Amino acid sequence: MSSPGPGPRSVVVVGAGIAGLAAAAFLRQLGGPDLRITVLEAGRAIGGKLRLIDVAGLTLDGGAEALLARRPEAVDLVRRVGLGEDLVHPVTTAAGVWTRGMVRPLPTGHVFGIPTDLRAAARSGVLSGPGLARAALERALPVHPAEADVSVGAFVRRRWGGEVVDRLVDPLVGGVYAGHADGLSLAAAVPPLAQAAREGLRVRPPAASTGPVFAGIRGGVGRLPAAVAATANAEIRTGVTVRQLERLPEGWRLVTGPVPDPTEFRADAVVLAVPASAAARLLHNTVPAAAGELRTVEHASVAIVTLVLPAAAVTRPLRGSGFLVPGVDGRLVKAVTNSSAKWAWTGQVAGDGVVVRASVGRLGETVDLAYEDTELVQRVRADLAEAAGLRGEPLDSAVTRWGGALPQYAVGHLDRVARVRSAVAAVPGLAVCGAAYDGIGIAACIASARTAAAAVLRPAAQGAEWAAAGGDK
């Protein structure tokens, strides 16, 4: 058996979203100062769904605005890249649900929208009398261990009824993925509920809080990409689309640029930190099994409408951090964040203004996103006027569109990802990471980036053995 050779001397990371940038930073940390790292990004800017925008002279988040604080990956990276002193937590996490004619408080004691305290659910008014009665029947149903993956909607509907799905679970869980509870995998989207189902356990009230669930960055989470990029000390090229990926005996060949005038990059290893559809295209020839699985992943498009309003536009108090909107109510907005109240730093920079963010769009709802920006803003304002009494002209507004940004974790997603990872792992010097695999949140993307970086820093001798064995033939 041959002794391990040196690790790769050069790595190309395809994609400069937070997963790609984190992968580059971990490659630098694990591979040392002599490793040549190149990041190729098709867009004109780095950061992916983390972006800062200017609205009414304020610098605000135009994409994701929060990190999951109960997972260590994101918070640890924020600290490592020098932004630790700017970590902040929401001032309030109390949320509402705009349904049945008014914004009602989200019931206390819920678990991913499932009510564990029916008296609290009754007080909130989110569920009707028949809906509450149906939810109460769950206590009389037998609990049997489940083995096969099912949709979130199917699991909850069977035990608590359709109204709990439509009014509570779907806006909460579906809102994260911009999808629908009936199309999301219980095992992938809500692992704790899946574990309870597998073990035949009843859903219990949430444990006492052990700390903030979410964190943000003073000045915006959109500050993170540039800080991570600086730590990576990599060559980053934007406006470069990788059209072809080829495995050679001595490494990898990547082709970019127009067909008549291509540009070629060579590397010992490659990390693909791109959406599932782009990864499928690049892996078509080298890892066809993985490409076939990735082609089946659907993606939802969304838009974030940010409004800065004068204080006089708020005709009744905006309570809490915002509210969710059930899809069954047929509204344009799907979720609204009262950023001025949620984040102290936003309220401070806004001064007398009020910053509100509205999310529009879910899987398959293309009509809502077809409006041009001015019309979309007007329609969002109409919803906000009805729901929260926000009236009058905004000081400024911005529309940030995220086409195909959110992968859908359909039933069987975990098995699909396992098959992708198994096929990719069989090819030395190749790894994948990003939102399509283990979670769409920032922390999950960073975790997948670290795994990918470690995977491609294997001894180069493995690549020679793979090639001698016939490669992917």
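These numbers were taken from a predicted model, which means no experiment stands behind them. (Residues numbered from 1 in each chain as written. Predicted model: local features only at pLDDT ≥ 70, side-chain atom pairs only at ≥ 80, totals over all residues. Heavy atoms only, no water.)

This paragraph deals with the overall build of the protein chain. If you tally the helices and strands in the protein chain, you get 17 helices and 22 strands. For the protein chain, the C-alpha radius of gyration of 23 Å lies close to 23 Å, the compact-globule estimate for 473 residues. Per-residue burial for the protein chain yields a buried fraction of 51% across its 473 residues. Across the protein chain, every contact between residues at least 6 apart in sequence was considered, and the portion connecting residues at least 24 apart equals 74%. Total accessible area on the protein chain stands at roughly 20,500 Å², and carbon and sulfur atoms take up 54% of it. (Helix = DSSP H or I, 4+ residues; strand = E, 2+ residues; numbered from the N terminus. Rg over C-alpha atoms; globule rule 2.2 N^0.38 Å. Buried < 20%, exposed > 50% of the residue type's maximum accessible area, 1.4 Å probe, protein only. Contact = heavy atoms within 4.5 Å. Areas by Shrake-Rupley, 256 points an atom, 1.4 Å probe, with all protein chains shown as cover.)

Turning our eyes to something else, we now look at the confidence of the model for the protein chain. Interpretation of this model should avoid reading the predicted coordinates in detail wherever pLDDT is low. Of the residues in the protein chain, 95% reach a pLDDT of 70 or more, and the chain-wide mean stands at 93. In this model residues 460–470 is a low-confidence stretch, pLDDT under 50, and it forms 17 contacts with partners more than four residues away in sequence or in other chains. (pLDDT = per-residue confidence, 0-100.)

Moving on: a nonpolar patch on the surface. Taken together, L68, V213 and F214 make up a surface patch of nonpolar side chains, about 220 Å² in accessible area. When you line up the elements, L68 lands in strand β5 (residues 67–68). (Patch = residues over 30% accessible without salt bridge, like charges linked within 9 Å, V, L, I, M, F, W, Y side chains within 5 Å. Salt bridge = Lys/Arg side-chain N within 4 Å of Asp/Glu carboxyl O.)

This part covers the sheet that holds strand β6 (residues 87–88). Sheets are built from strands that pair by backbone hydrogen bonding, the pairs being arranged parallel or antiparallel. Strands sit in the order β5-β11-β6 across an open sheet of three strands; the sheet is antiparallel. Only two strands of the sheet have a single neighbouring strand rather than two, namely β5 and β6. Across two bridges, β5 lies against strand β11 (residues 214–217) in antiparallel orientation. Each residue of the ladder has a partner; that of L67, found in β11, is A215. (Pairing = 2+ DSSP bridges.)

Turning our attention to the packing of helix α2 (residues 72–80) against helix α16 (residues 442–456). Two elements in contact, α2 and α16, have axes whose closest approach is 7 Å; the angle formed by their N-to-C orientations is 80 degrees. Taken as axis vectors, α2 and α16 run roughly perpendicular relative to one another. Note on element contacts: α16 touches α2 through I442, A443, I446 and A447, opposite E73, A74 and L77. A per-class count over the contact of α2 with α16 returns six nonpolar, no polar and one charged. (Axes fitted to C-alpha atoms, helices over the stretch in contact; angles between N-to-C directions. Parallel < 35°, antiparallel > 145°, perpendicular 65-115°, else oblique. Nonpolar A, V, L, I, M, F, W, Y, C, P; charged D, E, K, R; others polar.)

Another aspect to go through is helix α4 (residues 129–136). Residues G131, L132 and A135 constitute the buried set of α4. The arc enclosing the buried residues of α4, seen along the axis, measures out at 100 degrees, which places them on a common side. Next to the buried residues of α4 lie α3 (118–124), α5 (152–160) and α6 (162–177). (Arc of directions from axis to C-beta.)

Now for the sheet that holds strand β22 (residues 430–432). If you walk across this open sheet you meet the five strands as β12-β2-β1-β16-β22, and the pairing is parallel. Only two strands of the sheet have a single neighbouring strand rather than two, namely β12 (235–238) and β22. Pairs of neighbouring strands in the sheet enclose a mean axial angle of 15 degrees, with direction left out of account. By the bridge criterion, three bridges tie strand β16 (residues 269–272) to β22 in an arrangement that is parallel. Bridging from a neighbouring strand, L272 pairs with V432 of β22.

Moving on, we come to the pattern of salt bridges. Pairing between side chains of opposite charge can happen when the charged atoms of each approach one another. A complete count under the given rule lists 26 salt bridges for this structure. E65 is the salt-bridge partner of R357, the closest N and O atoms lying 3.6 Å from each other. With a gap of 292 residues between them, R357 in strand β20 (residues 353–360) and E65 in the loop between β4 (58–61) and β5 connect regions that are remote in the sequence. The pair formed by R357 and E65 is uniform in burial state, with each residue classed as buried. As a salt-bridge pair, R421 and D438 come within 2.9 Å of each other at their nearest N and O atoms. You can see R421 sitting in helix α15 (residues 413–425) and its partner D438 sitting in the loop between β22 and α16, a full 17 residues away along the chain. Accessibility expressed as a relative area gives 41% for D438, which makes it partly exposed. Linked through salt bridges whose partners overlap, the residues forming this network are E246, E250, R253, E264 and R266.

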